[in-house]
Each structure stands twice: as structure tokens, then as C-alpha cells.
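Inside the fold
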Amino acid sequence: MSNNIESHLVENRVFKPSKVFAKTAHISSLEEYQELYRKSVKSPERFWAQQAAETLVWRKKWKTVLAWNEPYAQWFAGGKLNASENCLDRHLTGARRNKAALIWEGEPGEKRTLTYQQLHREVCKFANVLKRHRIQKGDRVIIYMPMCPEAVIAMLACARIGAVHSVVFGGFSAEAIKDRINDSQARLVVTADGGYRRGGVIPLKRNVDEALKDNEQIEKVIVFRRAHNEISIKEGRDVWWHREMEYVKADCPAEELDAEHPLFILYTSGSTGKPKGILHTTAGYLLGTAATTKYVFDLREEDIYWCTADIGWITGHSYIVYGPLCNGATVLMYEGAPNWPEQDRFWRLIEEYGVTIFYTAPTAIRAFIRWGDEFPNRHDLSSLRVIGTVGEPINPEAWMWYYTVIGGSRCPIVDTWWQTETGMIMISPVPGATPLKPGTATLPFFGVDAAVVDDQGNEVPPNVGGKLVIRKPWPSMLRTIWGDKKRYRKQYWSEIKGMYFSGDGARRDKDGYFWIVGRIDDVLNVAGHRLGTSEIESALVSHPAVAEAAVVGRPDELKGQAVVAFVTLKQGEHPGPELGDRLRQHVAQAIGAIARPDDVRFAEGLPKTRSGKIMRRLLKEIAGGGQVIGDVTSLEDFNVLMRLRGETKEG
Ligand code: PRX
């Protein structure tokens, strides 16, 4: 399979860290990074143990740093701690007590600031609300919220009492909520009436109501009043957040939890079947996110840190909540769209709050480029000192734009490679130390033994493509797929013996820099988010008119990949633009707008191998508008391909 991974990008520009930046940075030269890295991968356990002692607050020290029984890891077994205590209580004894923890702005423009003390109080109260509703250690709680402080409060309240949160992205549909409730066997949902997005209100509570039709398992729905849109309340089940908060005390000691106590489940797309519930546990996850926040963003006490991700994705979990708050940072949180009321909203926020660290995604950067320089140019962005990207490869021209127009040719860009499964940033520059090259995530973080290998697990020579693997366990790695150990082993630990397989292809250049080529399984990366083709296909096939569907990605200037669906219809159904629109809508309803196909193409048949497997590679070539140049000898019916090609010409 590694033969298919090709990479033709040649990039010669190098940007060395500036002396001014390096002087005060946590890691101030490449030599220092290399020395520390070398030591850290030689003995990861020693490195992480030292970090764990420095970074986290423990109720009881661990007995064993790592117990590794492939593919199961236990980090810091015997240790006891609490994630919410590490993010809150520890900051209350000194000057940080009155420091802003969260600075929030709603899309319509409201502003709120919560100091560490205030955030702590709210979290304690909400933890007591959860307890009042009989939520206990180990119970699962679904959080389906807009981007507002209460989403963070709900997460940390769960962590405080040892409940396991599962945040569902606010852009997902009722169907997606339903699946996640069923899979996690949650008992309680925390939501809001609605949230603002591009001037409109997203009816979150209505989606929850739909998801809970015929559901017996959810006992309580706690509703935060955000948008004041009309909602229906089901007596006995639904309660208001603000009313609940009136009945409880502000005193709630944090539970003492095992290092390996489950912290959260976050669902992500895989190449087959339903979304996977990625399970992260307490100490290792917290340590990984806290350490990377400190070193990768070169975080310091006075920073105003802004990560634009939604709390419903791993980036929001790790780099809005756990990593920054564990470090006592000031986090800016914004509710809405970047182009509301105008395309300069982000730059306006950076200027107004004096943001110093800004972390966003290539898909957003491409949108900014399209909107034009006039929007950032209207604002003073000189407070910025580090800027970052995550989610997909950033193409060098977009990198250059980000570097010059947003970073003023002054700010290092940290292009961070990682995944829902890895929990923390795995490959990234360390600003102040790593010379940057546009388009590469550069070098692995301390303690991360990343490599590019062939199918046998041998490292490939420089500039040869292969599979991106991690060869040693790391603290914030996923522990399993919720309820599916078999799939966990198969997906991540069977492709190459003894190594974690990321599903990505990559190459390393002569300096050892990692260039990520993209996914090598059937997973699309749309606007920085992973979507399983099979999920979209199942959604399509669930429509009564559809017989069969195959979904592939097509390169897209804005979103990275666009979703193209090839559909065959049942007898008596008629293809046409109107049905195409209905199918697109159907997918949006089933999964969420992010999965809505950009293009639905009707076909009389799909190209298959003799064993009946759909030949996606051919469809990809057709969808991309290119020639079918690959090998077609295993194609069962060549006529199908000819007809599909005819279709593309007309359409
Ligand atoms: O393909 C890689 C891509 O995003 C995938 C992980 O997706 P997800 O679990 O949704 O997490 C996204 C946020 C961490 C990876 O397998 N990816 C992520 N960051 C980068 C990237 N590809 C290239 N460069 C990156 N910096």
C-alpha cells in the first residue's frame, strides 16, 4: 500500500527562529531541542515521570510510570488525582486566583470574563447539580452545547465527580446525538436552548428532543438558556440550568480518582461502520495536553491564548480546556462564525483582547485568503507572538500568507500534527528552537517516537513515502475504543507489528522533518474534520430511493476535500437535480451539514472488483475530473466505467 503514497512537494524556504524570540523561549535552540528529544525517546518513562511531577498536582504519587501490555497502556498506575482540581483548585492559592481563566464573547457581542475563582465556583455548583440528579463516578454525560463558558463548566464538573463526558459537536444532527447516546449509554444530557451562528440560532434543544424520541435511557436534560429561542420542555425530564444552580451549594470537593480513570469519550470517524468512541483517561491525557501547551505554544503567564476550534472536537478538549487551564492560562473563547457580522471578526477580537497566541485550521486560513487582506489589514495584530494550525496539511502558499499577513513575518507558525486518538500534539515545531519550512509539521514532540515505515515496519529512507507510526506508547494515547476492544486492536495495532498506526501517509526529508501526505484509508478530511466515507454512504442508502452509494473526496480549494457521492437508484426512481438536492439534505439531516455531499452523481452502476469491492480509486479519479490512469484490470464490468466517465463530461 505504501507504494501508493506519493509526494511531489519540494519546498526550500527555511525560517530560522528569531533571536529575540529564542531569548525568552522555554526551549531556545535547535541543539537544546535535539538534546532533550534524544534523551526523552531513549527513556520516555523517565522523561514523562519528570514532567508528571512538575506539571500535575497529585493526591497520591504513582507506583509505576508505564505498564505496557500491547495494545493496552496504563500510565502512572497507583497515582491519584483529579483533572478539575488540576485545572482549577491548584490556581486558587496565589495570584492566579483573580486571573481571567475564560474571556468569552458571544456572536451577537456579549462579553463575559470568569476568573479562576469564579470558574471554580461555577464548576463546583454544576458538579453538585449533576450529583443531585444521581450522576456518579463512571456515569456518562452527553454535552451538546454552543461555544460558551457553560460548555467548559459542564466538562470540568463531570471531571470533578469522575463522570465521563462525551461532547457532541453542536453542528451535528439529531441522528448523530442519538447514536452517541446509545453507544455511550449516557443517562443525562446537558444542552442549551440554542446557540448563535452567522446571525442565526441553531436549535440545539430541538435536536436533542428529536434524538430522544422513544429514548428511555436518558433521565434528565439540563438546558442552559443562551439564545432565548422558543423550546418545548418535557415535564419530569427537562430542567433549566439556571434554576438548578439556585438549589445547590458552591462547595464540592474533587473526587480522588485513579490515574487511569476514564475522563471522556469523544467520537470520531473511522473507515468502516459507526463512529468510534475514543476513550481518554485522566493523568496521561492531562499531562500530554499540559506539557504540549506549554512547550509548543511557548506559553507564559501573561499570554492571551485563543484556539478557534469548537469544543466538540478534540482540539477544543485539549487546547481550549484541559491543556491551557491546567497551565493557568487565560483563554479567549468565541461563540460564532469568523465572518459575522463581517469577515474581520477574528482580527477584531485579536486586536480588542490583545491575543498573543492564535491557533486555527488551514481551512479557515484558506477562507481568510479568499476574503482578502483588507480584513486583517484593518486591525492591529501586533500583540500576536505565536500562531498555529491543525487539522490537515497546510499548503506552503497558505502558510506564507499566514506567516506574513497574520504573523507580520514575526511570529513562528506551529503546524501541529496529531489526532483525536493521540490526545496531544505529536509532531510540531517548538517555537524558538525549530527552523520552520512552509508545509511541514517538522519534528516530533519530546517523548514521541514517530517514524515513517514500510509495511514491514522498517523505516524508509529520506523522501520516500510510507506509513506514519508511533513506535512507543505515550501518556495521552487513547486507551481503547469504547465498547469495542477488537476494533481498537485491529484499527491501530495490527497494521504494523508493535507500532501504533495513525492511518496517515508521510515522508521525512533530509532534515528528518515530517511531511504529512494525508489519510491512506477511506477517510475524508473535510474542512479539517475527519468523515468516514462509509457513514455518509450508509446515510445515503437509508434514503428510500437509493440502491447503492459510494463516497469519495475531491480536492477542494477551500475545504481541503469536497464530498462527492456516486449513487445508483432503485428501480422506478428518476435521477435529477431535485433528487440530488434531497439526498444532500438527507445526509445533512442524518450526520450534520459538514457531511453534506457537494456533488451527487447518479450512475447506472458502480465500478467493482470481481470480489464485489467498490473501486474507490477510480471514482476518485473521475470525481477529480481527471483521467482514469490507474490499473483497471481487476474491474468487473468495464462498461460501468465508460458510462461513469460519460456522466462526468455532461455534468
Ligand atoms: O490526517 C491527519 C490530519 O487530521 C487527522 C486527525 O483528525 P482528527 O482526529 O479529527 O483531529 C484533528 C485535530 C487534531 C490526522 O490523521 N491532520 C491533523 N493535523 C494535521 C493533519 N495533517 C497534516 N498536518 C497537520 N498539522
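Summary of the structure given here. None of the values given here were measured: they were computed from a predicted structure. The numbers attached to residues start from 1 for each chain and follow its sequence in the written order. Where local features are concerned, this predicted model is filtered to residues with pLDDT of at least 70; where side-chain atom pairs are given and counted, the filter is 80 or more; whole-chain, interface and lining totals use all residues. Excluded from the side-chain calculation are hydrogens and water; included are all heavy atoms of the structure.

Before going further, it helps to spend a moment on the overall build of the protein chain. Secondary structure follows DSSP: runs of H or I at least 4 residues long count as helices, runs of E at least 2 residues long count as strands, and numbering of each begins at the N terminus. Looking only at helices and strands, the protein chain features 20 helices and 30 strands. Expressed as lengths along the three principal axes of its C-alpha atoms, the size of the protein chain is roughly 75 × 65 × 55 Å. Burial classes follow relative accessibility: with a 1.4 Å probe on protein chains only, a residue under 20% of its type's maximum area counts as buried, one over 50% as exposed, and anything between as partly exposed. Expressed as a percentage of the 651 residues in the protein chain, the buried residues total 63%. Total accessible area on the protein chain is roughly 25,700 Å²; 48% of this is exposed by carbon and sulfur atoms. For every accessible area listed, the method is Shrake-Rupley and the probe measures 1.4 Å; residues are considered covered only by the protein chains on display.

Here we take up the nonpolar core. In this text, buried Ala, Val, Leu, Ile, Met, Phe, Trp, Tyr and Cys residues form a nonpolar core when linked through side-chain atoms within 4.5 Å. F76, F126 and Y322 are the most contacted members of the largest nonpolar core, which has 171 residues in total. The leading source of residues in this core is helix α6 (residues 149-161), at 10 residues. The contact criterion used is simple: two residues touch if any of their non-hydrogen atoms lie within 4.5 Å. The residues contacting Y322, other than those within four sequence positions of it, are A83, C87, M155, L156, A159, H165, L263, Y285, L286, T289 and H317. With 33 residues, the next largest nonpolar core counts Y334, F375, L381 and M400 among its residues.

On the basis of which strands lie adjacent, the open sheet formed by 4 strands has the order β21-β22-β24-β25 and antiparallel pairing. Edge positions in the sheet fall to β21 (450-453) and β25 (514-519), since each has one partner strand and no second. Here the strands of the sheet are splayed against their neighbours by 45° on average, with no regard to which way each runs. For two strands to pair, DSSP has to find at least two bridges joining them. Axes, fitted as lines to C-alpha atoms, cover a helix only where it is in contact. Angles between the N-to-C directions of the axes lie from 0 to 180 degrees.

Salt bridge, as applied in this entry: a Lys or Arg side-chain nitrogen positioned within 4 Å of an Asp or Glu carboxyl oxygen. Enumeration over the complete set of coordinates arrives at 52 salt bridges. For R38, the salt bridge goes to E35, with nearest N and O atoms at 3.2 Å. Taken together, the residues span about one helical turn, with R38 and E35 both in helix α2 (residues 30-42) at a distance of 3 residues. For R38, a relative accessible area of 46% gives the class partly exposed. Residue class for E35 comes out partly exposed when judged on its relative accessible area of 37%. A salt bridge links E459 to R508; the nearest nitrogen and oxygen atoms lie 3.6 Å apart. Taken as a pair, E459 in the loop between β21 and β22 (466-470) and R508 in strand β24 (residues 500-508) lie far apart in primary sequence, 49 residues in all. Given the relative accessible area of 42%, E459 is considered partly exposed. If you follow the salt bridges from partner to partner, you end up with E342, D344, R348, E374 and R378 in one network.

Both strand β28 (residues 546-556) and strand β29 (residues 560-569) contribute to a ladder of 10 bridges, which runs antiparallel. By the bridge assignment for β29, V552 is matched with V564. Connecting the antiparallel pair β28 and β29 is a turn made up of 3 residues.

A few words now on the environment of Y267. Tracing the backbone shows Y267 in strand β14 (residues 262-268). Sequence spacing of Y267 and S28 is 239 residues, and the spatial spacing of their C-alpha atoms is 37 Å. Any N or O atom pair separated by 3.5 Å or less is treated as a polar contact, with the protein-specific requirement of one donor-capable and one acceptor-capable atom, and with residues adjacent in sequence counted only for side-chain atom pairs. A polar atom in the side chain of Y267 sits 2.7 Å from the side chain of D183. A polar contact of 3.3 Å, which involves the side chain of Y267, links it to the backbone nitrogen of S184.

With that out of the way, let us pick up unusual backbone geometry. Put simply, E70 and P71 share a cis peptide bond, and its omega is 0°. Note that P71 resides in the loop between β1 (64-69) and β2 (72-77). W340 connects to P341 through a cis peptide bond whose omega is -5°. Mapped onto the secondary structure, P341 falls in the loop between β17 (330-334) and α12 (345-353).

This part covers the site of the ligand. The nearness test applies per residue and asks whether one of its heavy atoms lies within 4 Å of the molecule or strand. The environment of the ligand is made up of 17 residues, and the closest members are D415, T416, T420, R519 and R530. A distance of 3.4 Å is found between a nitrogen atom of the ligand and a backbone nitrogen or oxygen belonging to E392. Residue P393 places a main-chain N or O atom 3.4 Å away from a nitrogen atom belonging to the ligand. Burial of the ligand by the protein chains amounts to 96% of its free accessible area of 550 Å².

Another point: the sheet that holds strand β16 (residues 304-307). Here 7 strands make up an open sheet; going across it, the order is β5-β4-β17-β16-β18-β19-β20 and the pairing mixed. For this open sheet the edge positions go to β5 (111-115) and β20 (413-416), each flanked by a neighbour on one side alone. For this sheet, the mean inter-axis angle between neighbouring strands, taken without regard to orientation, is 20°.

Let us look at the packing of aromatic side chains. Classification of ring pairs uses Phe, Tyr and Trp, with its six-membered ring standing for Trp, and accepts pairs whose centres are within 6.5 Å; under 30 degrees between planes counts as stacked, over 60 as edge-to-face, and the remaining range as tilted. Taken as a whole, this structure holds 43 aromatic pairs when the rule is applied. Within the aromatic cluster, the residues linked to one another by ring pairs are Y33, Y37, F47, W48, Y295, F445 and F446. A positively charged side chain is recorded as over a ring if its NZ (Lys) or CZ (Arg) lies within 6 Å of the ring centre. The angle to the ring normal must also be within 35 degrees. The ring of F172 carries the charged tip of R180 above its face, separated from the ring centre by 4.8 Å. Sitting over the ring of W240, R225 keeps its end group 4.9 Å from the ring centre.

Spatial relationships are all this shows, so hold off on functional conclusions.
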